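Breakdown of the fold
If you want the building blocks of each chain, they are given just below.
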Amino acid sequence: MRSTGQPPPLLVGVDGSESSLQAVDWATDEAARHAVPLRLVHASLWERYEHFIPSGAPQRPPRQTMAEYIVATAEERVRRRDPDVRVTAEILADDPVHALLHEGREALAVVTGSRGRGELKGLLLGSVGLAVAGRADGPVIVVRGDRPGLESTHRRIVLGAGEPGTSDTAARFALREAETRHCPLDVVRAWRRPAHQPRAHPLLTGDTGLYLEERAATVIDALLQDAVVDHPDVRVNRATAEGVPGKVLLSRSAAADLLIIGVRARRTHDHGELHLGRTAHTVLHHAKCPVAVVPDYRE
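Just so you know, these numbers come straight off a predicted model, no measurement behind them. (Residues numbered from 1 in each chain as written. Predicted model: local features only at pLDDT ≥ 70, side-chain atom pairs only at ≥ 80, totals over all residues. Heavy atoms only, no water.)

1. Regarding the overall build of the protein chain
Scanning the protein chain from terminus to terminus reveals 9 helices and 11 strands. Across the protein chain, the fraction of contacts at a sequence separation of at least 24, relative to all contacts at a separation of at least 6, is 78%. As displayed, the protein chain has an accessible area near 15,500 Å², and 52% of this comes from carbon and sulfur atoms. (Helix = DSSP H or I, 4+ residues; strand = E, 2+ residues; numbered from the N terminus. Contact = heavy atoms within 4.5 Å. Areas by Shrake-Rupley, 256 points an atom, 1.4 Å probe, with all protein chains shown as cover.)

Written as structure tokens, this is what we have:
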């Protein structure tokens, strides 16, 4: 339980993989930017089977030793990267997905690598990262991408504007990130001409594409209308683009430090359940920079 007055930490799942170490580095920089603590969590079920260890076996099972080494290495990595970041580390006797979902309820965001230990070679996104991104109560950031994106050298953030009627939760998250990083925010809305539709809109004169583009711009304006009031110093660039949303955002991710998408969500009895559609899956598997999934809960 957090102490009163202490800001919520960034929570990072660590498993010793190269991907999780990249996530630790990225989260260290993010914690420094936001002046929040960093909490490292390694979850394993080995403790549940401890009573099955033969009496003649060593007191410390190899899995316990490995877990302690993993968290100690990650903690030392944080301190070397930024000694001013407050960091704690913990080993939990739990399934990794359940642990990150449960502990993430008290966090500013949950940060994971894009692949874990032992993942199949051809797997683009690890099973833990995908499961957490699809069920979390709050923002989940999957750290992936090329070197410029991982090192935040582009100094630009991209927000994919959601469907009409979507709340501005993701927009507010994106504006806070841009304000903290002192960089511009690009808000992008993709539009597509429906297949087999004539170029002329039946209710309007002129090109159907122009109508759809203007409607996309209206969606962006409605999304930002209230959110920008609290962040007047952030430079916001509004952009519409014809194309498949996932491909449009992938193209934008090549020049971004963080790609943010909002996803529809509903609450179940013990956790959230997000609607990770085709666009979310596309960017989570292929983006050139870290991806933040921000749930939009409707009770």
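2. Notes on the environment of Ile-220
In this fold, Ile-220 is placed in helix 7 (residues 208-224). When the C-alpha atoms of Ile-220 and Val-188 are compared, they prove to be 7.6 Å apart, with 32 residues separating the residues in sequence. Among all residues touching Ile-220, those that are not within four sequence positions of it are Ala-161, Val-187, Val-188, Arg-189, Arg-238, Ala-239 and Thr-240.

3. Topic: the environment of Val-41
Inspection of the secondary structure assignment puts Val-41 in strand 2 (residues 38-44). C-alpha separation for the pair Val-41 and Glu-103, spaced 62 residues apart in sequence, amounts to 8.9 Å. Setting aside chain neighbours within four positions, we find Val-41 in contact with Leu-11, Val-12, Gly-13, Val-14, Glu-90 and Leu-92.

4. Focus on the pairing of strand 7 (residues 185-191)
Of all 7 residues that make up strand 7, 7 are buried, and the element is covered over most of its length. Burial of the side chains of strand 7 extends over both faces: Leu-185, Val-187, Arg-189 and Trp-191 are buried on one face and Asp-186, Val-188 and Ala-190 on the other. Of the strand pairs in this sheet, strand 6 (residues 157-160) and strand 7 are connected by 4 bridges, and their pairing is parallel. Within strand 7, the position partnered with Ile-157 by the bridge is Leu-185. Note that strand 7 and strand 8 (residues 236-242) share 7 bridges and pair parallel. Looking across to strand 8, one finds that Trp-191 is bridged to Glu-242. (Buried < 20%, exposed > 50% of the residue type's maximum accessible area, 1.4 Å probe, protein only. Pairing = 2+ DSSP bridges.)

5. Digging into the pattern of salt bridges
In the structure shown here, the tally under the stated rule is 17 salt bridges. With its nearest N and O atoms 2.8 Å apart, the salt bridge here joins Arg-77 to Asp-25. Here Asp-25 lies in helix 1 (residues 18-34) and Arg-77 lies in helix 2 (residues 62-81), a separation of 52 residues in the sequence. Taking relative accessible area as the criterion, Arg-77 reaches 30% and is therefore assigned partly exposed. For the salt bridge of Glu-103 with Arg-39, the shortest nitrogen-to-oxygen distance reads 2.7 Å. Taken together, the positions of Glu-103 in helix 3 (residues 96-103) and Arg-39 in strand 2 put the pair 64 residues apart, joining distant regions of the chain. Each of the two residues, Glu-103 as well as Arg-39, counts as buried. (Salt bridge = Lys/Arg side-chain N within 4 Å of Asp/Glu carboxyl O.)

6. So, the side chain of Asp-257
Structurally, Asp-257 is set in the loop between helix 8 (245-253) and strand 9 (258-267). No salt bridge is formed by the buried Asp-257; the nearest opposite charge belongs to Arg-181, separated by 4.5 Å. Engagement of the side chain of Asp-257 in a polar contact is seen with the backbone nitrogen of Arg-155, the distance being 2.6 Å. Discounting chain neighbours no more than four positions away, the residues touching Asp-257 are Pro-148, Gly-149, Ser-152, Thr-153, His-154, Arg-155, Arg-156, Arg-181, Cys-289 and Pro-290. (Lys, Arg positive; Asp, Glu negative; His and termini not counted. Polar contact = N/O pair within 3.5 Å; in protein donor to acceptor, adjacent residues only side chain to side chain.)

7. Some details on helix 8
Looking at helix 8, one finds that the buried residues are Gly-246, Val-248, Leu-249 and Ser-253. Taken around the axis of helix 8, the buried residues stretch over an arc of 160°, which confines them to a single face. Looking at helix 8, the residues exposed on the side facing more than 90 degrees away from the buried face are Lys-247 and Ser-251. (Arc of directions from axis to C-beta.)

8. What about the confidence of the model for the protein chain?
Looking at the protein chain, the pLDDT average stands at 84 and 81% of residues meet or exceed 70. When pLDDT is averaged over each element of the protein chain, strand 6 comes out on top at 98 and strand 10 (residues 272-274) at the bottom at 56. Contacts of residues 118-124 to residues separated by more than four positions or lying in other chains number 11 contacts, the stretch itself having pLDDT below 50. (pLDDT = per-residue confidence, 0-100.)

9. A short note on the nonpolar core
Counting residues in each nonpolar core, the largest one holds 44 residues, and the members touching the most others are Leu-38 and Ile-260. Core analysis: the second largest hydrophobic core is formed by 33 residues, Val-97, Val-132, Val-142 and Val-248 among them. (Core = buried A, V, L, I, M, F, W, Y, C linked by side-chain atoms within 4.5 Å.)

10. A closer look at unusual backbone geometry
Even without being a glycine, Ala-35 presents a positive backbone phi close to 55°. Position of Ala-35 among the secondary structure elements: in the loop between helix 1 and strand 2. A positive phi angle is found at His-182, which is not glycine, with a value near 55°.

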